[in-house]
Amino acid sequence: MKIRILLLTVFVGITFSLKAQKNEYSILLISDSLKVNANAVVRLNQIDIVISSQRNMTISTKRVITVLNEKGLSAIDAVENYNKKTTVKDIEAYVYDGLGNEVRKIKRKDFKDQSAVGSSTLFSDSRYVYLDYTPTQYPFTVVYESKLETSNTAFIPQWYPVSNFFVSVEKSVLNVDCPVNLGFKKMEFNFENFNIQKINDTPTQLSYTASNILAQKQEDYSPVFSFVLPKVMMALELFHLEDVDGSAKTWKEFGQWYSDEILSGTTVLSEETKAKMRTLVGEEKDPIIKAKLIYNYVQQKSRYVSIQVGIGGWKPMYANDVDRLGYGDCKALTNYTKALLEAVGVPSYNTILYGDSYKKDIESEFVSMQGNHMILAIPNGNKYTWLECTSQDDPFGYQGTFTDDRNVLVIKPEGGEIVRTKLYEDRDNTQLSSGTYSLSKEGDLLGEITIISEGSQYNQKAMLENLQPTEKEAHYKKYWSNISNLKINKTAFSNDKENVRLTERTEISAVNYGNISGGKMMFALNAYNQYTGTVKRIRNRKNPFEIQRGFTDVDEITIVLPHEFAIEFLPNNYELKSKFGAYKTEFIKKDNGSILYKRSLFINKGMYSNTEYDEYRVFIEQVSRNDNAKTILTKI
Amino acid sequence: MKDVRIGIVLFLLLFMSEISAQKFELGKVSLEELQEKLHPIDSSAAAAIVYKAGKTIFKYDYEKGFYALHECQIRIKIYKKEGLSWANFEVPYYVGYESMSDDVVKFSNAVTYNLEGTEIVKTKLNSEGSFKKNVNEYWNEASITMPNVKVGSVIEFKYILKSENVVTFPAFNMQYSIPVNYCEYKTEIPEFYIYKPVATGFVKVNTEQKYEDAFQGYDNQYRNSSTLKYKQISSIHTAESIPALKEENYIDNVRNYTSSIKYELERTRFPDQKVKDYSITWEGVAKTIFDNKDFGQALDADIDLVTDLRFILEAQHKTDLSQLEKLDVIFKFVQQKMNWNNHYGYYVDKGIKKAYVEKTGNTAEINFILIRMLKLAGISVNPVLLSTIEHGVPVFPNRTIFNYVIAGVEIDGKQILLDATNKQTTPNVMPLNTLNRFGRLIRKDGTSEEVNLMPKTTLNENTVLYVSVDEHGKIAGKCRIQKSDYPAFSFRENNKGFNKESYLEKLENSLNGIQISDYKIENVANLDKPIIESFTFVTGNHCEIIGGKMFINPKLFFTNSRNPFVKEERQMPIYFGYPKQKKYQITINIPEGYLVESVPKPIKIATGENVGLFIFNILPEGKIIQISFTEEINASLVSSDFYEVLKDFFQQMIDKQNEKIVLIKV
């Protein structure tokens, strides 16, 4: 210990004389409450947005972050994306040690520059510059400054005063300047419970200061960040996107602009292709049946390839290019399907949304560029049928868990419209298991089971059919991980896309399922469907918790016991009801010596308060304990 | 069994004559190929490489000398939708040379074939489906996405990679995640270059070789056409029916077992020039590396470490420090002072002098500083080259297999390995990705020797539990867990920026939902000492009361009920990283009014060759039950022949843990 203290003074002595000192960055000035649960402290995060015209916006950032340990490094976030329309004017950083002495200055040329193309994207013209700094001590403070200039005023970055878990905020500031005639607007979210002051709010200026926000802990089953933490969305009524001016006060106007300026002229097809489509649908009159035939054609013909070019990734490839090449991204394939449907007289509309298994809405009260995905809407009576055009396997109109139950923007030629996509009801997300198994006198299990999955449970199972044999085996060994020595003897699938129903038939065996000792055999009757998810105990939970999709599992299993044994103990029937759902098990002794085991588990979707979390944990614990209830047999 | 070479099937290609290279030509796709619905051998295949033909030839340029053209022709058949991703193909190429031109890749002859009715329809790839991107300052990537590909399509294309780097050729892969029906790799090497072709993997490769006349035209300094005449060695390597490569758990690096052919330059012998050795033996490799200015010279760079060394040694206030004590002080000093910039390598980048001032550096810089300081202190030390797990196994002497360097010290005839790049390491405990079979210690005089990197066996995890069960089946007690060397290292690595609350939530969950209080942890920052966690707990989940009897697992919430080995068979060796020894000592106090009815029988299971050992002992005495478990895996790497035994060993261990202690009410 002694050495290090000595060394520290020596080095500090040297740096003192050579470099600048910023006492205000000393860690001694951070209040203790901000260090609780914090890996880093945002001393200051000031974002100045200056919109000088419809086609010009500069975003200046000054961020002072004190990093307390390795896990806090990501809070520095010294990275800027750029492309043809967005340039990085300035970028630099200074590093200070814990006492506020300057350690290093990092100029623009020392930042790394890299293509923003992930491995899943074939091509994109966006790139990013980032700071690659190796810390030499903790804690330390980084002062990061950058300035971006862009013509894409359609996207004003959202303001998140708190943008990381386990990071506290001393001060976070937003300032916006905008000419009066562009129709600047904003919307605030989740300001309650946070210390945020609005300093200025005029048609041309907006500014906030947030201060002393404690580090937020990450908690399981929490809603996403943007649902619980403060944010501000901002937009212009007169905006600009990749050389195209736009104006929209309402979703109707926005949709119209998108339709006229971005989509128009992209659905042209050759006469040959149109004729082919007409032959394909033949005499069919029903638009939905026609759409089904066309959708099937698209699924056979095309594949998804991620290529992010053109209007900031917003303009689809031309339909006749997709027709020729047989591939495209979500916009291209959606637009192509739309063009083919047009050829057979079926109207349909491009639909913008957030594609994610976490349900995220287009914020309907705030007209602006939003979303990250595109699907197709076909009017069907007073509803819509939704098509996911990037999938070669999805059943017609099935929304799975990527686009279900959320607000989306349907782009019609006459204007945009916010619509909610299909909700798969908890009671319709079913898994029905029926089967039998027998136990030999050695405790060996031999069984067969049929599992039928529908609704959102179909989504999780549909891909099973297409897996490699080894992957299938791995799936079942995980699904039935409660059965040791499991062998999968046979699997068969039938995928009924018409009714969106997947049926699995499986034959299994396992030696020593029944644990024999001292002339008694012990085992859990519920071999086929044990609830395995665990719910952590969380101390002082702060966030509400959310169950995004409910489900229903029903099991009916016949168990044939070995003749050489008699039942000594059978668990009691059990029933549990709560706001989170219902659970019920029944054990019925049959005349022939077998047991019929019935089980149902129903989980409600919902948003629950932080205090209800522990009740839910106990509920699940009860379920999983009863699922594992043991039966004892005695040797006759 | 525990040999470090386990499972690496590697051979110098044997030369035989009379192999018949199959004739394949781009553009000749047959009706049968298009009609085929399933792969004839592997019906689960989503796609297959019908053939892959590679060819490497040399071209001559008056100014630059010889350069290589690597050509590759591929035909792929798509059987299922999951195979559509094979319509995208990427070729990475190097652009980070110091004195050579960037590599160049060019795709051509790319065509998709489909069957429409009985007619074969061709769709050509044009420029819109062809892309180039900069990945980083060293690598670019050329890619294509083929047009009009559907289930049933056959696609083919060709690319040429031009490279002035002739020291190593890009590895020619013969095995993929889909089957390969036929594969050949031809090379035509001018007599001035001597290469060593090395094949890896389980696939049988046939090779044929000829020595023949060759010539080529080039433009001389006056832009006139000239002809160069020479002899060349032409070889052809072929393999057939190569099965798809399957993923497995407990594997070090799947590439070690993938079939491929790699050419490494051994030496050059140009007329009127001295023969130049590149790499033939490990000594050759060591010497070549040592001779590089960024290694040997960099290691000897002019840097003043004496002042700091004297300072830290004097700070010990002890005059007769032993070598081990000095090593300890120096290692900790360098480890604390230097900060790794996440760059690998055995060559320095900015040099050790600058690295020392900036307190940051790559692997070579940090460990060279360590080596220099140890040397100054009179300790015998040399650099040890190694290859990290991601980088593959150094089985055969070659120049490019190493990517990392550590320090190898010898004190009193014992070897100690040191890596100061990581803040959690201690002498002989190194980052897990460096535990890759063996490294190579090299000395200044060019001699070198093999160093086994696999850790030796020690007891490294010890758990003591003292619990009482009450009449409602509630279990309360104290727990103490002690971890040393590798488990302690892993714990420190995984819990950087340790947040007690979050950690306890995870721990409670991983221990089957027990409730923990009074948690204490010792020696997180004191690397010399083991990590000791202690806490009290209660749980209502670990005793089942059925029909007046209590059933308790002897290992309580440490009970393991999942066998990690579930697959029926296995081809690749099993990688454990380091030997693991765990011990549990458990004392259970049973409640008033209960007696022990039965306990599981004690057992001792040992596999052959001392790979696995499991001992379970139990002793009920009145109200107290004493239990102990010993679990050992005494190997880092186990051959696949042992898979069945190992799977069975784990199963027996798990079965025993899941047998119950039965208490009966009196």
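Computed from a predicted structure; not experimentally measured. Starting afresh in each chain, residues are numbered from 1 along the sequence in its written order. Key to labels: chains lettered from A, ligands numbered from 1, both in the order written. In view of the model being predicted, local features appear only for residues whose pLDDT reaches at least 70, and side-chain atom pairs are presented and counted only at 80 or more, with totals across whole chains, interfaces and linings using the full set of residues.

### Quick word on the interface of chain B and chain A
As a measure of interface size, the accessible area lost when the parts come together is often cited. Once C-beta atoms have been placed from the backbone, residue pairs whose C-beta atoms lie within 7 Å are recorded as contacts. Across the contact, 50 residues belong to chain B and 51 residues belong to chain A. Going through the elements one at a time, strand S7 (130-134), strand S8 (139-145), strand S17 (339-340), helix H9 (500-510), strand S28 (543-546) and helix H10 (643-657) of chain B are the ones with two or more residues in the side of chain B that touches chain A. Numbering of helices and strands runs from the N terminus; a helix is a DSSP stretch of H or I covering at least four residues, while a strand is a stretch of E covering at least two. When residues in the side of chain B that touches chain A are grouped by element, the largest group, 5 residues, is from H9 of chain B. Three categories are distinguished: nonpolar for Ala, Val, Leu, Ile, Met, Phe, Trp, Tyr, Cys and Pro, charged for Asp, Glu, Lys and Arg, and polar for the others, with Gly belonging to the last. Residues of the side of chain B that touches chain A, tallied by class, amount to 12 nonpolar, 24 polar and 14 charged.

### Quick notes on the sheet that holds strand S22 (residues 383-387) of chain A
Residue and element names in this part refer to chain A. With antiparallel pairing, the 5 strands of this open sheet are ordered in space as S22-S21-S20-S23-S24. Either end of the sheet is taken by a strand with one partner, and the two such strands are S22 and strand S24 (415-420). Averaged over all adjacent pairs, the angle separating strand axes in this sheet is 35 degrees, with direction ignored. Paired strands are those between which DSSP finds at least two bridges. One ladder, built from 3 bridges, connects strand S20 (residues 349-353) with strand S23 (residues 407-412); its direction is antiparallel. Note on S23: the bridge partner recorded for Ile 352 is Leu 409. Along the sheet face, helix H3 (residues 251-263) touches S20, S23 and S24 and points at about 115 degrees away from the line of S24. A fitted line through C-alpha atoms represents every axis, and for helices the fit uses only the stretch in contact; the resulting angles, taken between N-to-C directions, go from 0 to 180 degrees.

### With respect to the sheet that holds strand S22 (residues 438-442) of chain B
Residue and element names in this part refer to chain B. Read across the sheet, 5 strands follow the order S21-S20-S19-S22-S23 without closing on themselves; strand pairing throughout is antiparallel. Each of the sheet's edge strands pairs with one partner strand only, and the pair in question is strand S21 (414-418) and strand S23 (448-452). Averaged over all pairs of adjacent strands, the angle between their axes in this sheet comes to 35 degrees, without regard to strand direction. Sheet topology note: the strand S19 (residues 380-386)/strand S20 (residues 404-411) ladder contains 7 bridges and is antiparallel. Residue pairing in the sheet places Leu 386 in a bridge with Tyr 404 of S20. On top of the sheet, helix H2 (residues 282-291) reaches S19, S22 and S23; it is set at about 60 degrees to S22, its chief contact.

### Observations concerning the environment of Ser 270 of chain A
Tracing the backbone through its elements, the reader meets Ser 270 of chain A in the loop between H3 and helix H4 (271-281). As for Ser 270 of chain A and Asp 323 of chain A, which are separated by 53 residues in sequence, their C-alpha atoms are 9.0 Å apart.

### Comments concerning the packing of H4 of chain A against helix H5 (residues 287-301) of chain A
For any two helices packed against each other, the geometry comes down to the angle between their axes and how far apart the axes lie. All names here are of chain A. Interhelical geometry of H4 versus H5 gives an angle of 125 degrees and a closest axis separation of 9 Å. One element, H4, and the other, H5, form an angle in the oblique class. Like other packed secondary-structure pairs, H4 and H5 cross with a definite hand, here right-handed. Between H4 and H5, the contacting residues are Met 277, Leu 280 and Val 281 on the first element and Lys 290, Leu 293, Ile 294 and Tyr 297 on the second. The class makeup of the residues in the contact of H4 with H5 is 6 nonpolar, no polar and 1 charged. Roughly parallel covers angles under 35 degrees, roughly antiparallel covers those over 145, roughly perpendicular covers 65 to 115, and oblique covers all other angles. A crossing counts as left-handed when the near helix is turned anticlockwise from the far one by less than a right angle, and as right-handed when that turn is clockwise.

### Side note on the UniProt feature "domain: DUF3857" (unreviewed entry) in chain B
UniProt positions are given in the numbering used here, feature names are shortened, and annotations may be inferred rather than shown by experiment. Following the UniProt record, one finds the feature "domain: DUF3857" (unreviewed entry) at residues 75-208 of chain B. Structurally, residues 75-208 of chain B comprises 0% helix and 57% strand, and the distance from its first C-alpha atom to its last is 23 Å.

### Here's the deal with the packing of H5 of chain A against helix H7 (residues 330-343) of chain A
Residues and elements named next belong to chain A. It is at 10 Å that the axes of H5 and H7 come closest, and there the two elements cross at 135 degrees. Classed by the angle they form, the pair H5 and H7 counts as oblique. Like other packed secondary-structure pairs, H5 and H7 cross with a definite hand, here right-handed. The segment H5 lies against H7, with Ala 291, Ile 294, Tyr 295 and Val 298 engaging Leu 333, Tyr 336, Thr 337, Leu 340 and Leu 341. Grouping the amino acids of the contact of H5 with H7 by side-chain chemistry returns 8 nonpolar, 1 polar and no charged.

### Thoughts on unusual backbone geometry
Here the amide bond leading from Tyr 138 of chain A into Pro 139 of chain A is cis, since omega sits at -5 degrees, within 30 degrees of zero. Positionally, Pro 139 of chain A belongs in the loop between strand S8 (127-130) and strand S9 (140-150). Non-glycine residue Asp 272 of chain B carries a positive phi angle of around 60 degrees.

### Structural notes on the domain arrangement of chain B
Residue and element names in this part refer to chain B. One can read the domain layout of chain B as domain 1 (10-20 + 34-278), domain 2 (284-452) and domain 3 (461-665). Domain 1 and domain 2 are separated by 38 Å when their C-alpha centres are compared. Domain 1 puts 11 residues into the contact, and the matching count from domain 2 is 12 residues. Of the residues contributing to the side of domain 1 that touches domain 2, the split by class is 4 nonpolar, 3 polar and 4 charged. The source of the domain bounds is an automatic or database domain assignment.

### Some points on the pairing of strand S5 (residues 102-106) of chain A
Where strand S4 (residues 86-97) of chain A and S5 of chain A come together, 4 bridges link them in antiparallel fashion. Considered in S5 of chain A, the bridge of Ala 93 of chain A is made with Ile 106 of chain A.

### A word on the confidence of the model for chain B
Residues and elements named next belong to chain B. Known as pLDDT, the predictor's per-residue confidence is scaled from 0 to 100. Per-residue pLDDT for chain B averages 90, and the proportion of residues at 70 or more is 96%. In the model of chain B, strand S1 (residues 10-12) stands out as the element of lowest mean pLDDT, 54, in contrast to strand S25 (residues 475-483), which has the highest, 97. As a predicted assembly, this complex carries a pTM of 0.85 together with an ipTM value of 0.80.

### A closer look at the pairing of strand S30 (residues 520-524) of chain A
Residue and element names in this part refer to chain A. Across 3 bridges, the pairing between strand S29 (residues 515-517) and S30 is antiparallel. Along S30, the bridge assignment pairs Asn 515 with Met 522. With antiparallel pairing between neighbouring strands as the criterion, S29 and S30 make up a hairpin whose turn holds 2 residues, including Gly 518 at a positive phi of roughly 55 degrees. Of the pairings in the sheet, the one linking S30 to strand S38 (residues 630-635) comprises 5 bridges and is antiparallel in character. The residue bridging Phe 523 from the neighbouring strand is Thr 631, located in S38.

### Overview of the environment of Lys 359 of chain A
Along the chain, Lys 359 of chain A falls in the loop between S20 and strand S21 (373-380). Look past the residues within four positions of Lys 359 of chain A in its chain and what remains in contact with it is Asp 405, Arg 406 and Gln 548 of chain A.

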